[in-house]
Amino acid sequence: MQSGQTRGGTAVVAARRTDEAPDTTEIRRLADAAEYEVVAERTQRRAEDAGYGVGRGKAAAIADLVADRDADAVVYDGALTPGQYGNWAELLPPGTDLLDRYRLVLGIFAEGAADRAAQLQVELATLRYRLPRLRQVTEESLLNQATEKGSVVLDVEARIDRLHTELRAVSDRDARRREERREQGFDPVAIAGYTNAGKSTLLHRLADDLSVADLGAGHADLDETAAVEDRLFETLETTTRRATVDGRRVLLTDTVGLVDALPHDLVASFSATLDAVADADVGLLVVDASDPVGEVAERLRVSLAELEDPRGDLLVVLNKRDLLDDEALAARRAAVADLDRVDDVLAVSAVEGTGIETLRERIHDALPGESLAVELPNSGETESFLAWAHDHGTVADLEYAGETVTFAFEARPGVVERARAQVEESGGTVRDSD
Ligand SMILES: Nc1nc2c(ncn2[C@@H]2O[C@H](COP(=O)(O)OP(=O)(O)OP(=O)(O)O)[C@@H](O)[C@H]2O)c(=O)[nH]1
Ligand SMILES: [Mg+2]
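Source: prediction; values computed, not measured. (Residues numbered from 1 in each chain as written. Chains lettered and ligands numbered in written order. Predicted model: local features only at pLDDT ≥ 70, side-chain atom pairs only at ≥ 80, totals over all residues. Heavy atoms only, no water.)

## Notes on the site of ligand 1
Link 1 in the chain: Around ligand 1 there are 24 residues in total, and Lys 199, Thr 201, Glu 234, Thr 235 and Asp 322 lie nearest to it.
Link 2 in the chain: One nitrogen or oxygen atom from the side chain of Asn 319 is found 3.1 Å from a nitrogen atom belonging to ligand 1.
Link 3 in the chain: In this structure, Ser 349 approaches ligand 1 through a side-chain N or O atom, which is 3.3 Å from an oxygen atom.
Link 4 in the chain: Within the complex, 89% of the 650 Å² of free accessible area of ligand 1 lies under protein.
Link 5 in the chain: It is helix α7 (residues 199-206) that provides the largest number of residues to the shell around ligand 1, a total of three residues.
Link 6 in the chain: For the shell around ligand 1, the per-class residue count stands at eight nonpolar, nine polar and seven charged. (Near = heavy atom within 4 Å. Polar contact = N/O pair within 3.5 Å; in protein donor to acceptor, adjacent residues only side chain to side chain. Areas by Shrake-Rupley, 256 points an atom, 1.4 Å probe, with all protein chains shown as cover. Helix = DSSP H or I, 4+ residues; strand = E, 2+ residues; numbered from the N terminus. Nonpolar A, V, L, I, M, F, W, Y, C, P; charged D, E, K, R; others polar.)

## Quick word on the domain arrangement of the protein
Link 1 in the chain: As assigned here, the protein comprises domain 1 (9-109), domain 2 (113-167), domain 3 (184-366) and domain 4 (370-433).
Link 2 in the chain: The partner domain 3 presents eleven residues to the eleven residues of domain 2 that form the contact.
Link 3 in the chain: Summed over both partners, the interface of domain 2 with domain 3 comes to about 840 Å²; 54% of that surface belongs to carbon and sulfur atoms.
Link 4 in the chain: When the area that domain 2 buries against domain 3 is broken down by residue, the three leading residues are Gln 121, Ala 125 and Arg 128, summing to 56%.
Link 5 in the chain: Our count for the contact surface shared by domain 2 and domain 3 stands at zero salt bridges.
Link 6 in the chain: Put simply, domain 2 and domain 3 have zero residue pairs in polar contact (both at pLDDT 80 or more) between them. (Domains from an automatic or database assignment. Contact = heavy atoms within 4.5 Å. Buried area = accessible area lost by both parts, 1.4 Å probe. Salt bridge = Lys/Arg side-chain N within 4 Å of Asp/Glu carboxyl O.)

## Brief notes about the nonpolar core
Link 1 in the chain: Counting 48 residues, the largest nonpolar core has Leu 30, Tyr 36, Val 74, Trp 88, Leu 104, Phe 109 and Phe 233 as its most contacted members.
Link 2 in the chain: Tallying contributions element by element places helix α4 (residues 101-112) first for this core, with seven residues.
Link 3 in the chain: Core analysis: the next-biggest nonpolar cluster, separate from the first, contains 25 residues, Ala 197, Val 245, Leu 346 and Leu 367 among them. (Core = buried A, V, L, I, M, F, W, Y, C linked by side-chain atoms within 4.5 Å. Buried < 20%, exposed > 50% of the residue type's maximum accessible area, 1.4 Å probe, protein only.)

## Observations concerning the pattern of salt bridges
Link 1 in the chain: Using the criterion set out here, one finds 31 salt bridges in the structure.
Link 2 in the chain: Among the salt bridges present, the one from Arg 248 reaches Asp 187, with a minimum N-O distance of 3.1 Å. On the criterion of sequence distance, the pair formed by Arg 248 in strand β7 (residues 248-254) and Asp 187 in strand β5 (residues 187-193) is long-range, its members being 61 residues apart.
Link 3 in the chain: Residue class for Arg 248 comes out buried when judged on its relative accessible area of 1%.
Link 4 in the chain: Judged by relative accessible area, Asp 187 falls into the buried class, the value being 0%.
Link 5 in the chain: Residues Glu 417 and Arg 420 are paired through a salt bridge, measuring 3.6 Å at the closest nitrogen-oxygen approach. Of this pair, Glu 417 and Arg 420 both sit in helix α14 (residues 413-425), three residues apart, which is roughly one turn of the helix.

Structural data, given as structure tokens:
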């Protein structure tokens, strides 16, 4: 389990909350995503115990239960300190895995990370999680024996530095690629949000070469990277697809989801993912609107906090609209209305397709663009220019009138500048239009 991998098997869930009875729905779903079958749970409402998290008596009862059920693991819904890990290890039958929430999530990531960037990000997150724990163990052991453990800390720090360097190279490469694509007339749009919000389903809904109808049974071979599943952290790498919104060519990127109660540090390890959103021309922040009102607002707040300085507009997408009546939807709209930096809020059902046309229009409006009214001589050269214009932006109101051709051209500002120069060179005229 050193590398962050988890082993799967049967598990007992332990959860504690100070003020109310713990709700174990999410931790059970995380356990499921890490391939654990939950065979029992024990929860407690009390203040945190310094030794075990839950009270000592509860911890002992859980240990008995593990022995009784011959369970492989205890899944603890919270963060355990190294000291608490040690205390639990003394109670539990030898060989029992103990996974707090972070280890569980890191285990899911370690298992599912398929591409190089995802693997680097997972390793960085895992080492960042381990480093303070290693330091603490080291400080304790330095009291009686010398430096062997200290060198482990140094090794981990060096590896973290190298991972930062490698990830920066990945980020730079991705940023360069986005710039090249922008030059070619493609607008980057990113889909972000919590795990299971419906991001990949929305990608299927909007992308040119994917469809929601393909998501049914029997299409498992289709495209695993954009798989849709009612499972947490189904998507663990960024996937990019082409989409067309009102004639503009867009590159749509699906990203890794967030989950509650992960330290900012861990989320920050997913820099390539966060960059894709921060650097997009439009960011779609997708939320499962069928979650309770308070959770919808809080999850959007967390998502926004992770996006420091987004380049483009941010649109909030209240997904799973089909699961809500009008009143429930209105309550969610009201709860998210005053969020900072949000340019618009739209309600959609990615599964049923409702609200998608309005979303497309809104994405189109948010894309950086300029328009030109163009008049050119009716010639072969103009036909080649039109082909280029279709490829790099939107052509509208095309009219052939005798010797001249007129049309409106809309595209990214840089592309419009190139078009303007080309038209003037070909003896045509241009004027700005709205
Ligand atoms: N009822 C309803 N279910 C939806 C909708 N959109 C997605 N879902 C379901 O929600 C679950 C999660 O969908 P995904 O598209 O995999 O969600 P995701 O955000 O990509 O999840 P991760 O990849 O795990 O981060 C699936 O069971 C979908 O079928 C919707 O509009 N309505
Ligand atoms: Mg997904």
